[in-house]
Amino acid sequence: MNFKERYLHWIENSDQDTVLELKEICDNETEIKDRFYKDLEFGTAGMRGVIGAGCNRMNIYTVAKATEGFANYICDAGEKAKQDGIVIAHDNRRMSREFAEVTAGVLAYHGIKAYLFEDLRTTPELSFSVRYLGCFGGVVITASHNPPEYNGYKLYDENGCQLIPVLADKVTEYVNAVADELSVKYLSLEEAGDLIEIVGEEIDETYYEEVLALQFDPEEDKNIKVVYTPQHGTGNIPVRDVLDEAGYTVLPVLSQCDPDPDFSGTKSPNPEVPAAYDAAIELMKEHSADIAIATDPDCDRLGAVINCGEEYKLITGNQSGALILHYILTRMTEQGCLPDNALMINTVVTSTIGDKVAESFGVEVEKTLTGFKFIGDRIKEHNALRDKKYVFGYEESYGCLIGDFARDKDAVQASLMFCEAADYYKKQGKTLIDVLSDLFDKHGYYLDTQSSTFFRGIGGNERMNALLDEMRKNPPREVGGIKICETQDFLLNPPENFVPANVLRFNFEDGSFVAIRPSGTEPKCKVYYCVRGEDKADAEIKLSAFKQVFDIKA
């Protein structure tokens, strides 16, 4: 069917509310085409899109289709997979509860056990709960830090890890084989009976115990004040409960604590955006707080602001990751528990300041592609081989994992460890900015930033890929007088243990790099800059030269 025929098919076969929404656009062919010219893509990052009617939107029908494919995949895995079941969590976004119940209902229709959280829960707790319950996998309904009009759908394997490409590709085949999303059947909670089990408090308590066990100084008095904002998301209860249990004085940004799907109390729910911290900084000033921390709506990313006396400094995900890593390795060394075979894992677009920190402690560094699923998969492999001991993993995008009882980035863990680090160094008369300066003095000044270019609409992906292909065919040899000593092409020449991916990385002889990749969740191309300079001024000069060559125009 072409887009007009699919539009009419939906008018004739969907529910009343959907029909009313679609009839409102009956005279807008451009809008109809955008909603129906393709199916909402299901891929290695799951599914994410604008909420609305149409096969290219997030709605109960496209969620049912994705789950129908996943259910068929589970059924073909055998009876044990059906009995072990799937655990389902969701965030605070529009339609999240409805999508979660539809997911459970489709699974139940196929005789698959579904564990459905009673209310919103964080993504890392979903990851934890998969292994805690012994499930075949998990589903979380979330669009992370995207704008309010978005929602999404992510799948997890039996290890609590997002599906790696080889598994995601198999599920995608099952999803694409579902001919008509409007024909998928599912059971209500009442009809499903014991096939859908509501879960919550028991898992919460066990998960909190695991997080609290990460502390190096559980009995120490805490001397810092912490401002916290969950950005209207799922972190409000777990982060506040864990920090309270650990003894920290927490000042919540109350205007951003309720689970508002419109995120009306914040300028942005994304910890990567400086405006997300406006209210938190005002509260810091009012109470002379030492730090402010922010988690995104599904609570897998942590952002932070440091009180430096006369100014309040935002730090990046690269910087917070390096600081937490340095603190963990420092305390492990002090307490004599740093393993000889310790391993830190990060990604090919993450700043190398963390690599330098790890190497200074004799800790091995491994790289993966972007996506915490690859870090989680490496943890699983090394645990099976018993060859290396994982101690930390992180991405530049504000996500890290300390204890591997979860297998996705975990802002509850990160919040606790970041607060403990701030308290530890305050007792030495230092802020975390002082510690970061010490790292720069030792390893060189690192300026890490990125730019993004959106390629929206029909043909957007083709235009984006064409630009990357041109860069691949005609790579620069030097920029600003600095030679490129290595060009890594992860699509045509992936390293061992890497799946092919459309990523280019240009390594400079001074220790800087630039990486380019399409986003896995949005129609945009990202350029990552890791610039190493003698000082800030030197790094800024280099960055300006790099941007003239590598910033992409749509």
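A brief report on the enclosed structure follows. Each chain carries its own residue numbering, running from 1 in the written order of its sequence. For a predicted model such as this one, the threshold for reporting local features is a pLDDT of at least 70, and the threshold for listing and counting side-chain atom pairs is 80 or more; totals across whole chains, interfaces and linings nevertheless cover every residue. Computation of side-chain values covers all heavy atoms of the structure but excludes hydrogens and water.

1. Considerations on the overall build of the protein chain
And step 1. Helix and strand assignments come from DSSP, with helices taken as H or I runs of at least 4 residues and strands as E runs of at least 2, each series counted from the N terminus. Broken down by element type, the protein chain carries 19 helices and 21 strands.
And step 2. Since a compact globule built from 554 residues should have a radius of gyration of about 24 Å, the 23 Å found for the protein chain is in line with a globular shape.
And step 3. Per-residue burial over the protein chain gives 60% buried out of 554 residues.
And step 4. Two residues qualify as a contact provided that any one of their heavy atoms is within 4.5 Å of a heavy atom in the partner residue. For the protein chain, the proportion of contacts with a sequence separation of at least 24, taken over those separated by at least 6, is 69%.
And step 5. Side chains of the protein chain give 57 positive and 94 negative charges; the mean places of these two sets differ by 5 Å. The globule rule is 2.2 Å times the number of residues to the power 0.38, and the radius of gyration it is compared with is taken over C-alpha atoms. Burial status follows relative accessibility: with a 1.4 Å probe on protein chains alone, a residue under 20% of its type maximum counts as buried, one over 50% as exposed, and anything between as partly exposed. The convention is simple: Lys and Arg are positive, Asp and Glu are negative, and His and the chain ends are not counted. By convention, charge coordinates are those of NZ in Lys, CZ in Arg, CG in Asp, or CD in Glu.

2. A few points about the pairing of strand E3 (residues 114–117)
And step 1. Residue alternation in E3 divides its side chains into two sets, Ala114 and Leu116 and Tyr115 and Phe117, and both sets are buried.
And step 2. Should DSSP find at least two bridges between two strands, the strands are taken to pair. Of the pairings in the sheet, the one linking strand E2 (residues 86–90) to E3 comprises 3 bridges and is parallel in character. Counted as the bridge partner of Ile86 is Ala114 from E3.
And step 3. Relative to strand E6 (residues 196–199), E3 runs parallel, the two sharing 4 bridges. Residue pairing across strands places Tyr115 opposite Glu197, the latter belonging to E6.

3. A short note on the packing of aromatic side chains
And step 1. In this scheme Phe, Tyr and Trp rings, the latter by its six-membered ring, pair at centre separations within 6.5 Å, and the angle between planes marks the pair as stacked below 30 degrees, edge-to-face above 60, and tilted otherwise. Within this structure, the stated rule accounts for 22 aromatic pairs.
And step 2. Taking 5.3 Å as the distance between ring centres and 65° as the angle between the ring planes, the aromatic pair formed by Tyr327 and Tyr424 counts as edge-to-face. On the criterion of sequence distance, the pair formed by Tyr327 in helix H13 (residues 317–334) and Tyr424 in helix H16 (residues 411–426) is long-range, its members being 97 residues apart.
And step 3. For Tyr327, a relative accessible area of 0% translates into the label buried.
And step 4. These aromatic residues form a ring-pair network of at least three members: Phe128, Tyr132, Tyr207, Tyr208 and Phe405.
And step 5. Against the face of Tyr115 rests Lys113, its NZ or CZ located 5.3 Å from the ring centre.
And step 6. Think of it as a cone above the ring: NZ of Lys or CZ of Arg counts as a charge over the ring if it is within 6 Å of the ring centre and within 35 degrees of the ring normal. Here the basic side chain of Lys222 rests over the ring of Tyr248, its NZ or CZ set 5.4 Å away from the ring centre.

4. A closer look at the sheet that holds strand E14 (residues 389–395)
And step 1. Strand order in the open sheet formed by 4 strands is E13-E12-E14-E15, with mixed pairing between adjacent strands. Both edges of this open sheet fall to strand E13 (364–368) and strand E15 (399–401), since each of them pairs with a single strand only. Adjacent strand axes in the sheet meet at a mean angle of 20°, parallel and antiparallel pairs treated alike.
And step 2. Of the pairings in the sheet, the one linking strand E12 (residues 342–347) to E13 comprises 5 bridges and is parallel in character. Across the sheet, the residue bridging to Leu343 is Glu364, located in E13.
And step 3. Inter-axis angles, ranging from 0 to 180 degrees, are taken between N-to-C directions of lines fitted to C-alpha atoms, where helices are fitted over the stretch in contact. Each of E12, E13, E14 and E15 touches helix H15 (residues 372–385); the most contacted strand, E14, lies at about 175° to it.

5. Notes on the environment of Phe513
And step 1. Topologically, Phe513 is positioned in strand E20 (residues 513–518).
And step 2. For Phe513, a relative accessible area of 1% puts it in the buried group.
And step 3. Taking the C-alpha atoms as reference, Phe513 lies 47 Å from Tyr7; in sequence the two are 506 residues apart.

6. Observations concerning a negative patch on the surface
And step 1. Where like charges cluster on the molecular surface, the negative patch consists of Glu201, Glu202, Glu205, Glu209 and Glu210.
And step 2. Its place among the elements puts Glu202 in helix H10 (residues 201–212).
And step 3. Look at Glu202 and you get exposed, because its relative accessible area is 55%. Excluding any residue in a salt bridge, patches collect residues exceeding 30% relative accessible area, merging like charges within 9 Å and nonpolar Val, Leu, Ile, Met, Phe, Trp and Tyr side chains within 5 Å. Per-residue and other accessible areas were derived by the Shrake-Rupley procedure at a 1.4 Å probe size, with only the shown protein chains allowed to occlude residues. Every case where a carboxyl oxygen of Asp or Glu lies within 4 Å of a side-chain nitrogen of Lys or Arg is listed as a salt bridge.

7. Description of the packing of helix H1 (residues 3–13) against helix H3 (residues 29–36)
And step 1. Between H1 and H3, the shortest axis-to-axis distance is 9 Å and the interhelical angle comes to 85°. On the basis of their axis angle, the class for H1 and H3 is roughly perpendicular. Residues Phe3, Lys4, Arg6, Tyr7 and Trp10 of H1 form the contact with H3, whose own contacting residues are Glu29, Ile32, Lys33 and Phe36.
And step 2. Residue composition of the contact of H1 with H3, grouped by class: 5 nonpolar, no polar and 4 charged. The scheme is simple: roughly parallel for angles under 35 degrees, roughly antiparallel for over 145, roughly perpendicular for 65 to 115, oblique for anything else. Polar here means any residue outside two lists: the nonpolar Ala, Val, Leu, Ile, Met, Phe, Trp, Tyr, Cys and Pro, and the charged Asp, Glu, Lys and Arg; Gly therefore counts as polar.

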